[in-house]
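Chains, contacts and geometry: an overview
Residue strings, one per chain:
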Amino acid sequence: MLWARDLLREALDDDASFRLLCSLAACAEARNGRENGRIAAAVPAGRRDLAPGMAHHGARQDRHARLLGELPAGRGLEPVQVPPEADHALLLEERGACPAHAKLRRGEPLNERDVIAHLAHGHVAETRAAAWLARFAGRFGDHREIGPAVREVARAKREHLAYCREGLLCFARAGHGAAVQWLLRENALAEIRVHRDVGLAVLAHLGHLLGWSMARSVALEARVQAGYAYGRLVGHRRAAHLVPAGRPAGAGAPSGPAATASPGA
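Notes on the structure in this doc start here. (Residues numbered from 1 in each chain as written. Predicted model: local features only at pLDDT ≥ 70, side-chain atom pairs only at ≥ 80, totals over all residues. Heavy atoms only, no water.)

Let's shift gears to the overall build of the chain. From N to C terminus, the chain includes nine helices and zero strands. Mapped from its N terminus to its C terminus, the chain presents α and β elements in the order α-α-α-α-α-α-α-α-α. In the chain, which comprises 265 residues, the share counted as buried stands at 53%. Surface accessibility of the chain: about 11800 Å² in total, with carbon and sulfur atoms responsible for 56%. (Helix = DSSP H or I, 4+ residues; strand = E, 2+ residues; numbered from the N terminus. Buried < 20%, exposed > 50% of the residue type's maximum accessible area, 1.4 Å probe, protein only. Areas by Shrake-Rupley, 256 points an atom, 1.4 Å probe, with all protein chains shown as cover.)

Below you can see the structure in the form of structure tokens.
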């Protein structure tokens, strides 16, 4: 949508909002990279076949965190500390959407259901991220500062979505279909709630940095709330749907208002 493209162009052109967005993206990749690496090392013996893919994606996320974190330096800027209310991965963990992470922090071993939950979380998160980054890359893939990083991260999201999908399909074929569907639905509902809250937080910070009028801020917040309402009604079902093999990665992702209210994705 034009409003989202114009908002992002405005934010990228301003130094303060540019370094905030880069810092948000780098923080999310760093946190998720650490967790993927830890979970890969703790996968139970019966499912060690999944560990290399998790470790590989975690390493790529570490690389992306460094890549994104270095972007502000091109303008002579320093990264900024990420506001807790805008930290997507942190909020998901605090709200119990990542049980495997919590078990590792407590020193407890992971079981097969924890692995399914981790893949379900990855599938839901990457469905949204892959679809949003595909649109973002279409609009800003040639941007002289962020284009290469955007294209690389978008490709990684598509590939990890396919990995999570195939892992979940394997579990479903092995008799865990009910658990897979339940965990996908629960993760999808948790994801859209956190996505709304983070979107509102990011808009508030951007509005302050860019000097938006109250009317504009209220209008943009209404779009995020509309996206959340759409996600509750329709979007979560698509995010929780296992796309059959052979369809493009990112297919079945939320569309409509839910997909465009993503300033901090």
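Side chains that carry opposite charge are capable of pairing whenever their charged atoms lie near each other. One pass over the structure, following the stated rule, counts 19 salt bridges. When the shortest N-O distance is used, the salt bridge between R185 and E186 registers 3.3 Å. (Salt bridge = Lys/Arg side-chain N within 4 Å of Asp/Glu carboxyl O.)

A word on the packing of helix α3 (residues 51–70) against helix α7 (residues 147–210). Two elements in contact, α3 and α7, have axes separated by 11 Å at closest approach and are oriented at 160 degrees. Considering the angle they form, α3 stands roughly antiparallel to α7. The handedness of the crossing between α3 and α7 is left-handed. For the pair formed by α3 and α7, the contact residues are G53, M54, H57, R60, Q61, R63, H64, L67 and L68 on the first element and A149, E152, V153, A156, K157, E159, H160 and Y163 on the second. Looking at the contact of α3 with α7 residue by residue, the class counts come to seven nonpolar, five polar and five charged. (Axes fitted to C-alpha atoms, helices over the stretch in contact; angles between N-to-C directions. Parallel < 35°, antiparallel > 145°, perpendicular 65-115°, else oblique. Left-handed = near helix turned anticlockwise from the far one by under 90°. Contact = heavy atoms within 4.5 Å. Nonpolar A, V, L, I, M, F, W, Y, C, P; charged D, E, K, R; others polar.)

Quick look at helix α6 (residues 112–140) now. The periodicity of an α-helix, 3.6 residues per turn, causes residues three or four places apart in sequence to face the same way. In this model, α6 (29 residues) spans 40 Å end to end at C-alpha, consistent with the 42 Å of a helix rising 1.5 Å per residue. With 22 of 29 residues buried, α6 lies mostly within the body of the structure. (Expected span 1.5 Å × (residues − 1).)

We now examine the packing of aromatic side chains. All told, the structure shown has two aromatic pairs when counted by the stated rule. Measuring from ring centre to ring centre gives 5.0 Å for W132 and F136, while their planes differ by 15 degrees; the resulting arrangement is stacked. With W132 and F136 both in helix α6 and four residues apart, this pair spans about one turn of that helix. Taking 5.0 Å as the distance between ring centres and 40 degrees as the angle between the ring planes, the aromatic pair formed by F136 and F140 counts as tilted. With F136 and F140 both in helix α6 and four residues apart, the pair spans about one turn of that helix. (Phe/Tyr/Trp six-rings, centres within 6.5 Å; stacked < 30°, edge-to-face > 60°.)

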